[in-house]
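Residue-level structure breakdown
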Amino acid sequence: MSETQRTAAGAPAADPRRRIETFELPLAAGLSALCFAIFLALPVVGALGFPLAAVPLVRVAHRRGLWSGLLAAALSAGILFGLAAASGGWQGAAALAATAGFLSGFPTLFAGQARRGVDPSRAYLGLAIAGVLLLVGLLLGLPAAGQPPLSAELRSAFDTMIPSALESYRRGGADAASLERVRTTLLAARDFTERFWPGLAGACWVLGSAIAFYGGARAARPAPSAIAARFEGLRIPAPFAAIFVAAGAGFALLGPSGRTVSGDVLIALAALYFVGGLSIICHFARRWFRAWFLRLGLYVLVAYFPMNLGVALLGLFDWYANFRRRGEKGHSGKP
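These numbers were taken from a predicted model, which means no experiment stands behind them. (Residues numbered from 1 in each chain as written. Predicted model: local features only at pLDDT ≥ 70, side-chain atom pairs only at ≥ 80, totals over all residues. Heavy atoms only, no water.)

1. Focus: the packing of aromatic side chains
The geometry of an aromatic ring pair comes down to the distance between the two centres and the angle between the two planes. As enumerated under the stated definition, the model contains eleven aromatic pairs in all. Consider the rings of Tyr124 and Tyr214, whose centres lie 5.6 Å apart with planes at 55°: the pair is tilted. A residue pair is termed long-range when its members are at least 10 positions apart, and Tyr124 in helix 8 (residues 120–140) and Tyr214 in helix 10 (residues 176–220) qualify at 90 residues. Using a relative accessible area of 0% as the deciding quantity, one classes Tyr124 as buried. (Phe/Tyr/Trp six-rings, centres within 6.5 Å; stacked < 30°, edge-to-face > 60°. Helix = DSSP H or I, 4+ residues; strand = E, 2+ residues; numbered from the N terminus. Buried < 20%, exposed > 50% of the residue type's maximum accessible area, 1.4 Å probe, protein only.)

2. Quick word on the packing of helix 5 (residues 55–64) against helix 7 (residues 90–115)
With their axes 8 Å apart at the nearest point, helix 5 and helix 7 run at an angle of 25° to one another. Taken together, the axes of helix 5 and helix 7 are roughly parallel relative to one another. Here the hand of the crossing between helix 5 and helix 7 comes out right-handed. Taking contact as the criterion, the partners of Leu57, Val58, Ala61, His62, Arg63 and Arg64 in helix 5 are, on helix 7, Ser104, Pro107, Thr108, Ala111, Gly112, Ala114 and Arg115. When grouped by side-chain class, the residues that make up the contact of helix 5 with helix 7 number six nonpolar, four polar and three charged. (Axes fitted to C-alpha atoms, helices over the stretch in contact; angles between N-to-C directions. Parallel < 35°, antiparallel > 145°, perpendicular 65-115°, else oblique. Left-handed = near helix turned anticlockwise from the far one by under 90°. Contact = heavy atoms within 4.5 Å. Nonpolar A, V, L, I, M, F, W, Y, C, P; charged D, E, K, R; others polar.)

3. Focus on helix 10
Helix length check: helix 10 (45 residues) gives 55 Å between terminal C-alpha atoms against 66 Å at 1.5 Å per residue, more than 12% under. At Phe196, helix 10 shows its largest bend, some 80°, and a proline, Pro198, comes one to four positions later. (Expected span 1.5 Å × (residues − 1). Bend = angle between axes of the 7 residues up to and from the residue.)

4. Points about empty space enclosed by the protein
For the structure on display, the rule yields one cavity of 30 Å³ or more. In this structure, the largest cavity spans a volume of roughly 50 Å³. Every residue along the wall of the largest cavity is listed here: Leu234, Arg235, Ile236, Gly276, Gly277, Ser279, Ile280, Gly315, Asp318 and Arg324. For the lining of the largest cavity, the secondary-structure elements that each account for two or more residues are helix 13 (256–288) and helix 15 (307–321). The greatest single-element share of the lining of the largest cavity, amounting to four residues, is contributed by helix 13. For the lining of the largest cavity, a count of residues per class yields three nonpolar, four polar and three charged. (1 Å grid on protein atoms, 1.4 Å probe; cavity = no way out; pocket = protein on both sides within 12 Å on 5 of 7 lines; lining within 4 Å. Points joined across faces, edges and corners; volume = space filled by probe spheres on them.)

5. Quick notes on a nonpolar patch on the surface
Residues Trp288, Phe289, Phe293 and Leu294 make up a contiguous nonpolar surface patch of about 440 Å² in total accessible area. Along the chain, the position of Trp288 falls in helix 13. (Patch = residues over 30% accessible without salt bridge, like charges linked within 9 Å, V, L, I, M, F, W, Y side chains within 5 Å. Areas by Shrake-Rupley, 256 points an atom, 1.4 Å probe, with all protein chains shown as cover. Salt bridge = Lys/Arg side-chain N within 4 Å of Asp/Glu carboxyl O.)

6. A short note on the confidence of the model for the chain
Taken residue by residue, the chain gives an average pLDDT of 80. The fraction at 70 or more is 86%. Of all helices and strands in the chain, the one with the weakest mean pLDDT is helix 1 (residues 3–8) (48), whereas helix 12 (residues 239–253) scores best (90). This model gives residues 1–8 a pLDDT under 50, and the stretch forms six contacts once residues within four places in sequence are excluded. (pLDDT = per-residue confidence, 0-100.)

7. Description of the layout of surface pockets
If a probe as big as a water molecule is rolled over the atoms, it shows which places are left empty. Computed from the structure, the second largest pocket encloses a volume of approximately 440 Å³. Val132, Leu133, Val265, Ala268 and Leu269 are the residues nearest the centre of the second largest pocket, which is lined by 17 residues in total. Where the lining of the second largest pocket is concerned, the elements lending two or more residues are helix 8, helix 10, helix 12 and helix 13. The class makeup of the residues in the lining of the second largest pocket is 14 nonpolar, two polar and one charged.

8. Quick notes on helix 7
Under the 1.5 Å per step criterion, the end-to-end length of helix 7 is 36 Å for 26 residues, consistent within 8% with the ideal 38 Å. Of all the bends in helix 7, the greatest reaches close to 30° and is centred on Gly105; the proline Pro107 follows between one and four positions later. Where helix 7 terminates, the next one or two residues include Gly117, which has phi positive at roughly 115°.

9. A closer look at the environment of Leu70
Looking at the secondary structure, you find Leu70 in helix 6 (residues 66–87). Residue classification places Leu70 among the partly exposed positions, given a relative accessible area of 25%. Put simply, Leu70 and Phe106 are 36 residues apart on the chain and 9.0 Å apart in space, counted from C-alpha to C-alpha. Contacts of Leu70, omitting those with residues within four sequence positions, involve Gly105, Thr108 and Leu109.

10. Re the side chain of His62
Position of His62 relative to the elements: it lies in helix 5. Among the residues examined, His62 registers a relative accessible area of 2% and is labelled buried. Look past the residues within four positions of His62 in its chain and what remains in contact with it is Ala111, Ala114, Arg115, Ala217, Ala220, Ala223, Ser225, Ala226 and Ala229.

11. A closer look at the packing of helix 8 against helix 10
Where helix 8 contacts helix 10, the axes come no closer than 9 Å and their chain directions differ by 140°. What the angle tells us is that helix 8 and helix 10 run oblique. In this structure, helix 8 crosses over helix 10, and the sense of that crossing is right-handed. In this structure, helix 8 uses Pro120, Ser121, Ala123, Tyr124, Leu127, Ala128, Gly131, Val132, Leu135, Val136, Leu139 and Leu140 to contact helix 10, whose residues at the interface are Trp197, Pro198, Ala201, Gly202, Trp205, Val206, Ser209, Ala210, Phe213 and Tyr214.

Written out as structure tokens, the structure reads:
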């Protein structure tokens, strides 16, 4: 009996949404693998593919549960392994699949914890801290696996890029003074990256995991746990401010090694407080700007220097000032 005949006979027609839900896991795995593939094809433009790769998997975790989300992450890694093994060696394919499993599985794991009742802010903070520690630990362990240290790789990449950049400026008609300023800036960037790469890697993870965690929750609504995991509700506990102050003191007072470690902590925490400050801006932007493109323009604006420093300061002092509550009182006219 066809679907039309069943409907005419009084039987309920099949819900199209149920058909989509049947393929929800493989679709999420395929979208996640596609985001990684975009990065491999276009490394610079597709860098956003890393955090976006976890969004469909986090969505599944909120809608179907933790194990469904992890299964989708495993399927995504399996797809990438198969594609990479077909075009190259199995060792490279295994490394790619392991990287994909880590980058997409970790946000899925903590989204599953939020679905089980853990406070979403604490779940995100756990994701950020655990991810930074694991990522930096793995990168520091590269020499033990027979790979060159990441600091040496970064320095080599800058040494290769700087002459090409200077030659491009020279062909563009830049004078000697301008070329020297560009050269000095690039050398300073090289030395800074070589010294503080763990903090920079941690900052990238903090920012990317926020996109994955809260973007996936946004896509999973109206699931109850996804509704609770709203970006504008992010709160960073007060003890993080004490760690930030201690790291600042260490950077000012300790020796070279201590300054390097303290600087790494400061960079990662600055990224975390930028995310916290952006959540405060999001809280008020959703009230004041109904059009989504106005909010998007505001978020892009505050990401640029020096606006991003002000956003990070918002997040840093929110534990004391509670800007959301003060703004609501001022808006309502109550003391």
